[in-house]
Amino acid sequence: MRWTLGIMLVLAACRNGAPSEFDGAAALGHVETQLSFGPRVSGTTEAREMGDWLDSLLRTHADTVVVQKWDHVTRRGDTLSLRNFIARFRPEDSPRILFLAHWDTRPTADGPASQNTALPVPGANDGASGVAVLLGIAEALRKVPPSVGVDLLFVDGEDYGIFPDQDVLLGSAYYAGSPLPGPKPLFAVLLDMVGDKDLQIYQEGNSMAGAPEVVSLVWNAARDLGYGDVFRRSTRHTLTDDHVPLLDAGFRAIDVIDFDYPSWHTPEDTGDKVSARSLQVVGDVMMGVVRTMTNDQ
């Protein structure tokens, strides 16, 4: 992979205060809209309404939208009707890149700091922030199309059950086992819990083991945009997240996540914990990655 002169000039302009392609304030609005549906627990009415909204919105931005539908029977015997949404830009082109986030929320607040495990998780940061960044990317790519193929994958059923392997990561596993026709993504970047006001993103362990060159690409883009204080060049956590089923299926996938979030899996994961500035930083970096890619790579 190489930086073209044009992209270097774009990044230099961003560092010098030129307007960004990505709109962090609009992304924060997308977080608020998601919260207005209530907890988006897979299989619930709230999740269905949120999914319908997401499907409709994506169709105004992308070249095409693919909906993956399937039923999952849990270990307790419940049947969940699940949906992944894939917004595609230049769907026939190669190379292509994949960004993903989960759009569901956790049914019970079982985080270490939770005071009430009977409540669901609102999912402002854990869920809505990643979705909001993907929607901001979609809006930017509608205005200025990419020079390569881009897929934005919104996965269902990430947070339903018990980690590490009981009724979780359902949407990413389904996608990994049911790839779309055409060129496979060159690499994938998962966005999870990227809206925390005190945003510090460390290099995740499974990402470093499975796709270190993709980690370098993303962290170099952050450095060149002046965000090296947010994207830290050290490893703090090794996580089971939606990138793991992709890594297991042979994708070069990484996790961009701030796991040091006190409200994780608690009822306090609310909109006041999320910052437009944090969404802006992550959105700028992802757009920087998109614009580094050329169709002769």
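For the structure given in this document, a descriptive report is provided here. (Residues numbered from 1 in each chain as written. Predicted model: local features only at pLDDT ≥ 70, side-chain atom pairs only at ≥ 80, totals over all residues. Heavy atoms only, no water.)

### Topic: the overall build of the protein chain
Check the secondary structure of the protein chain and you find nine helices and eight strands. Computed over the C-alpha atoms, the radius of gyration of the protein chain is 18 Å, within 12% of the 19 Å expected from 2.2 N^0.38 for a compact globule of 297 residues. Each principal axis of the C-alpha atoms in the protein chain carries an extent, and together these give about 55 × 40 × 35 Å. Taking all 297 residues of the protein chain together, the buried fraction comes to 56%. Summarising the internal contacts of the protein chain: among those between residues at least 6 apart in sequence, 79% fall at separations of at least 24. If the 25 positive side-chain charges of the protein chain are averaged to one point and the 40 negative ones to another, these points end up 5 Å apart. (Helix = DSSP H or I, 4+ residues; strand = E, 2+ residues; numbered from the N terminus. Rg over C-alpha atoms; globule rule 2.2 N^0.38 Å. Buried < 20%, exposed > 50% of the residue type's maximum accessible area, 1.4 Å probe, protein only. Contact = heavy atoms within 4.5 Å. Lys, Arg positive; Asp, Glu negative; His and termini not counted. Charge placed at Lys NZ, Arg CZ, Asp CG, Glu CD.)

### With respect to empty space enclosed by the protein
Taken as a whole, this structure holds one cavity of 30 Å³ or more when the rule is applied. Residue lining of the largest cavity: Q200, Y202, Q203, E204, H237, L239, I257, D258, F259 and D260, and that is the complete set. Here the lining of the largest cavity is composed, by residue class, of four nonpolar, three polar and three charged. (1 Å grid on protein atoms, 1.4 Å probe; cavity = no way out; pocket = protein on both sides within 12 Å on 5 of 7 lines; lining within 4 Å. Points joined across faces, edges and corners; volume = space filled by probe spheres on them. Nonpolar A, V, L, I, M, F, W, Y, C, P; charged D, E, K, R; others polar.)

### What to know about the packing of helix α7 (residues 212-224) against helix α9 (residues 276-292)
Across the interface, α7 lies against α9 with an axial gap of 9 Å and an inter-helix angle of 110°. If you check the angle between α7 and α9, you find them roughly perpendicular. The element α7 and its partner α9 pack so that their crossing is right-handed. Residue-level contacts link L217, V218, A221 and A222 of α7 to V285, M286, V289 and T292 of α9. (Axes fitted to C-alpha atoms, helices over the stretch in contact; angles between N-to-C directions. Parallel < 35°, antiparallel > 145°, perpendicular 65-115°, else oblique. Left-handed = near helix turned anticlockwise from the far one by under 90°.)

### Side note on unusual backbone geometry
Residue P95 follows S94 across a cis peptide bond; omega there is 0°. Between F163 and P164 the backbone carries a cis peptide bond, its omega angle lying at 15°. With respect to the helices, strands and loops of the structure, P164 is situated in the loop between β4 (149-155) and α5 (170-177). With phi around 55°, L169 is a residue other than glycine that occupies positive phi space. As for its placement among the helices and strands, L169 is situated in the loop between β4 and α5. Residue classification places L169 among the buried positions, given a relative accessible area of 6%. Even without being a glycine, M193 presents a positive backbone phi close to 55°. Looking at the element boundaries, M193 is found in the loop between β5 (187-192) and β6 (201-203).

### Topic: the environment of D272
In this structure, D272 sits in the loop between β8 (253-257) and α9. Remark: the alpha-carbon pair of D272 and A113, spanning 159 residues in sequence, is separated by 17 Å. At 2.5 Å, the side chain of D272 and the side chain of T270 are in polar contact. (Polar contact = N/O pair within 3.5 Å; in protein donor to acceptor, adjacent residues only side chain to side chain.)

### Notes on the sheet that holds strand β2 (residues 79-89)
The six strands lie next to each other as β1-β2-β4-β3-β5-β8, forming an open sheet whose pairing is mixed. Taken across any chain shown, the strands that pair with only one partner, and hence form the sheet edges, are β1 (64-73) and β8. Averaged over all pairs of adjacent strands, the angle between their axes in this sheet comes to 20°, without regard to strand direction. Across five bridges, β2 lies against β4 in antiparallel orientation. Bridge assignment links F85 to a residue of β4, and that residue is F154. Across the sheet, α7 touches β5 and β8, and the angle it forms with β8 is around 40°. (Pairing = 2+ DSSP bridges.)

### A few points about helix α3 (residues 45-58)
Here α3 contains 14 residues, and its C-alpha end-to-end distance of 20 Å stays within 8% of the 20 Å for a straight helix at 1.5 Å per residue. For α3, the full list of buried residues reads A47, M50, G51, L54, D55, L57 and L58. Along the axis of α3, the buried positions cluster into a sector of 165°, meaning they face one direction only. The inward-facing, buried residues of α3 contact α2 (24-36), β1, β2, α4 (124-143) and β4. (Expected span 1.5 Å × (residues − 1). Arc of directions from axis to C-beta.)

### Some remarks on the pairing of β5
Of all the six residues making up β5, six are buried; the element is thus mostly covered by neighbouring parts of the structure. The alternating pattern of β5 places F187, V189 and L191 and A188, L190 and D192 on opposite faces, both of which are buried. Pairing of strand β3 (residues 96-102) with β5 involves four bridges; the strand directions are parallel. Its bridge partner being in β5, F99 is matched across the sheet by V189. Across five bridges, the pairing between β5 and β8 is parallel. Looking at β8, one finds that L191 is bridged to V256.

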